[in-house]
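# Commentary on secondary and tertiary structure
Below, each chain spelled out in residue letters.
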Amino acid sequence: MGKDMIKNELMHRMKYDKCPICGLVEKRSESRIESVLKGAVTDTDTRREFLDSEGFCKHHAERVLRRKQPLSHAILYGNLLEYKMRRIGREKFRKAKCRFCELEDESEKIYVYWFAKSLTEAAFFETYKEQAILCTTHLDAVLRKLRKKHPMRETLIETTKEKYDALNRDLQEIRRKYNYKYAKEAWTNSEKEAWKKAVRLLTDQGEHRRK
Ligand SMILES: [Zn+2]
Ligand SMILES: [Zn+2]
């Protein structure tokens, strides 16, 4: 992927008041899931890689399962079952990492790097400021890429903190409105989303692959 393409992808993803890095890592792995499921039927490399990692990790096995493609599953898991049967009672080989976890590690590194690198471009930062929010995991990851005196380091921290403050105010409002005295007050649109947004932003979406 070229530099401008990655930067554009990040910019484009900054529309939804969500973490653009989480969104892009997931988008890339979803499209890879699609191609692996197709490859299971036609491509021997796909089947061999599946055996090398002895299947997918639990997280990705469940995501792949949701695609509901019985034939691809019958091929991949049929091979794995035969392989496991041959190896019953024998010493275990070191297995490769789940290929989707590997892909996510790789794309996360690229997006974090280019996010940090693009911060000095005014249009990039303004788009972030107006339309997106980094999750706490990716804020940390981007900050690790910026040296202490980087011109945008403090600005990024301040801007993101303002966004977290706004979210926290919504969470406090939700709690207040559960009090019977204020229960008649309507919820704002952002309050309706805030409790779900907080879970998304505070949960490391890549936890399954960090060991
Ligand atoms: Zn994120
Ligand atoms: Zn995985």
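Sequence positions are assigned chain by chain, starting from 1 and proceeding in written order. Key to labels: chains lettered from A, ligands numbered from 1, both in the order written. With pLDDT at 70 or above as the cut-off, local features in this predicted model cover only qualifying residues; side-chain atom pairs require 80 or more to be listed or tallied, and sums for whole chains, interfaces and linings still use all residues. Side-chain calculation: all heavy atoms of the structure are included, whereas hydrogens and water are not.

### Digging into the coordination of the zinc ion (ligand 2)
To be explicit about the condition: Metal donors were taken as nitrogen, oxygen and sulfur atoms no farther than 2.8 Å from the ion, or 3.2 Å where the ion is Na, K or Ca. Water is excluded, so coordination may look unfinished. Note on geometry labels: four donors, all angles 85 to 135 degrees, give tetrahedral; four donors become square planar and six octahedral when opposite donors are over 155 degrees apart and every other angle is between 65 and 115; remaining cases are irregular. Strands here mean DSSP runs of E at least two residues long; helices mean DSSP runs of H or I at least four residues long; both are numbered from the N terminus. Only protein chains enter the area calculation, which uses a 1.4 Å probe; residues under 20% of their type maximum are buried, those over 50% are exposed, and those in between are partly exposed.
Protein coordination at the zinc ion (ligand 2): the donors are Cys57 (SG), His60 (ND1), Cys98 (SG) and Cys101 (SG), at 2.1 to 2.4 Å from the metal. Between the four donor atoms coordinating the zinc ion (ligand 2), the angles at the centre fall across 100 to 117°, so the site counts as tetrahedral. When the donors of the zinc ion (ligand 2) are listed by position in the chain, the intervening gaps give C-x2-H-x37-C-x2-C. Pair noted here: cysteine 57 is in the loop between helix H3 (44-52) and helix H4 (58-65) and cysteine 98 is in the loop between helix H5 (70-86) and helix H6 (99-118), with a separation of 41 residues, a long-range link. Taken as a pair, cysteine 57 and cysteine 98 share a single burial class, namely buried.

### Focus on the layout of surface pockets
Spelled out, the test is: Two kinds of site are reported from a 1 Å grid over the protein atoms alone, namely cavities, where a 1.4 Å probe fits but cannot get out, and pockets, open sets with protein on both sides within 12 Å along at least five of seven lines, and residues are called lining when an atom falls within 4 Å of a point. Grid points are joined across faces, edges and corners, and a volume is the space filled by probe spheres set on the points. For this classification, the nonpolar set comprises Ala, Val, Leu, Ile, Met, Phe, Trp, Tyr, Cys and Pro, the charged set comprises Asp, Glu, Lys and Arg, and every other residue, Gly included, is treated as polar.
There is about 440 Å³ of room inside the largest pocket. If you trace the largest pocket, you find 24 residues lining it, with Cys19, Cys22, Gly23, Glu26 and Gln205 closest to the centre. Mapped onto the lining of the largest pocket, the elements with two or more residues apiece are helix H2 (20-42), H4, H6 and helix H10 (189-202). Looking at the lining of the largest pocket element by element, the count peaks at six residues for H2. Here the residues of the lining of the largest pocket sort into seven nonpolar, six polar and eleven charged. Roughly 250 Å³ of volume is contained in the second largest pocket. Forming the walls of the second largest pocket are 14 residues, and the residues nearest its centre are Glu108, Lys109, Val112, Ala141 and Arg144.

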